[in-house]
Amino acid sequence: MTETVVLKLGGSVITDKSGECAIDHARLREVAEELAVQRDPALVLVHGAGSCGHPEARRYRINDGLTGENVPGVYETHTAVSSLNAAVVDALRDAGVEAIGIHPLDLALAEDGRLVSFETRHIAEMTEHGIVPVLHGDVVMDRLRGSCIVSGDQLVTRLAAALASRCVGLATDVPGVLQNGSVVPRIDRSIVKTLDIGGSGNTDVTGGMQGKIAELLTLADAGIDSHIFHVSKIGRFLDGTGHGGTIITERGMP
Ligand code: IP8
């Protein structure tokens, strides 16, 4: 099996999180051109929702469960993040990447906010044929709550485990996990307790950087390291030349 790279583009990287579905098309073009020259590895992309999904999810209180009144929020949230997905796929295809959008709402089921079923076999097949599947954080149906929000970070951990990926990266708008303005180079379960990271300043229903670290530590528990770095370092992450960001690992300092 080809080694698969799982790469997430943070919502704040590709949208302006202070607006309402304000897609950063220039940034998308830059990222797509970067990925177009790195064609060797099998690649699975995931993106966050940014301002295309978080405001709707919050407005309709999707994570609190479906009450009857907020049912239209499933459509509104999914439609917002799907429009971002279409823009990501378009930018990639314009740059020559054989990208296809995949919506988790169509193929996943959750229970109390966690995925309990998530089909990935077709995603593995796609990568074998040079297709780049592009998934996104989404609203999904939930057996306990009715629906919930599954973050792109939760998808990354599921995909990396299912595809046995050893190359997991999260491109963000900051250089890594920051504490007092400096990048924390490595995080494991013992270090995380001592960190003071702060929350997300924008409308983020999935926990910002803290949610991301919690998610990636579960991946680390399964022996898979992941990397958080600035979006400008995607090329360096892919070619292994050092991104200057944070590694989330089960191991302590070497
Ligand atoms: O931006 C959230 O995904 P994230 C998905 O990766 C929605 O946390 C629809 C709010």
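Values in this document were obtained by computation on a predicted structure and should not be read as measured data. (Residues numbered from 1 in each chain as written. Predicted model: local features only at pLDDT ≥ 70, side-chain atom pairs only at ≥ 80, totals over all residues. Heavy atoms only, no water.)

**Let's talk about the overall build of the chain**
Across its full length, the chain holds 10 helices and 16 strands. Over its C-alpha atoms the chain spans a radius of gyration of 17 Å, differing by no more than 12% from the 18 Å that the globule rule assigns to 254 residues. Structurally, the chain occupies a C-alpha span of about 50 × 45 × 35 Å along its principal axes. Per-residue burial for the chain yields a buried fraction of 51% across its 254 residues. Look at the contacts in the chain between residues 6 or more apart in sequence, and 76% of them connect residues 24 or more apart. Looking at the chain as shown, the accessible area adds up to about 11100 Å², and 49% of this sits on carbon and sulfur atoms. (Helix = DSSP H or I, 4+ residues; strand = E, 2+ residues; numbered from the N terminus. Rg over C-alpha atoms; globule rule 2.2 N^0.38 Å. Buried < 20%, exposed > 50% of the residue type's maximum accessible area, 1.4 Å probe, protein only. Contact = heavy atoms within 4.5 Å. Areas by Shrake-Rupley, 256 points an atom, 1.4 Å probe, with all protein chains shown as cover.)

**Some details on the state of the cysteines**
Applying the stated criterion across every chain, the model contains 1 disulfide. What pairs with C21 in a disulfide is C52, and their sulfur atoms sit 2.2 Å apart. Here the S-S torsion is close to 95 degrees, and the disulfide linking C21 with C52 is therefore right-handed. Here C21 is found in the loop between strand 2 (15-16) and strand 3 (22-23), whereas its partner C52 is found in the loop between strand 4 (42-47) and helix 3 (54-59), with 31 residues between them in sequence. Using a relative accessible area of 0% as the deciding quantity, one classes C52 as buried. Left without a disulfide partner, C148 is nearest to the cysteine sulfur of C52, which lies 20 Å away. Owing to a relative accessible area of 0%, C148 belongs among the buried residues under this scheme. (Disulfide = S-S within 2.5 Å.)

**Notes on the site of the ligand**
Taken together, K8, G48, A49, G53, H54, T77, G137, D138, I149, S151, G152 and T206 make up the full set of residues adjacent to the ligand. Within the contact set of the ligand, an oxygen atom lies 2.8 Å away from a side-chain nitrogen or oxygen of H54. G152 is positioned with one of its backbone polar atoms (N or O) 2.8 Å from an oxygen atom of the ligand. Relative to its unbound accessible area of 320 Å², the ligand is 97% covered by the protein chains. (Near = heavy atom within 4 Å. Polar contact = N/O pair within 3.5 Å; in protein donor to acceptor, adjacent residues only side chain to side chain.)

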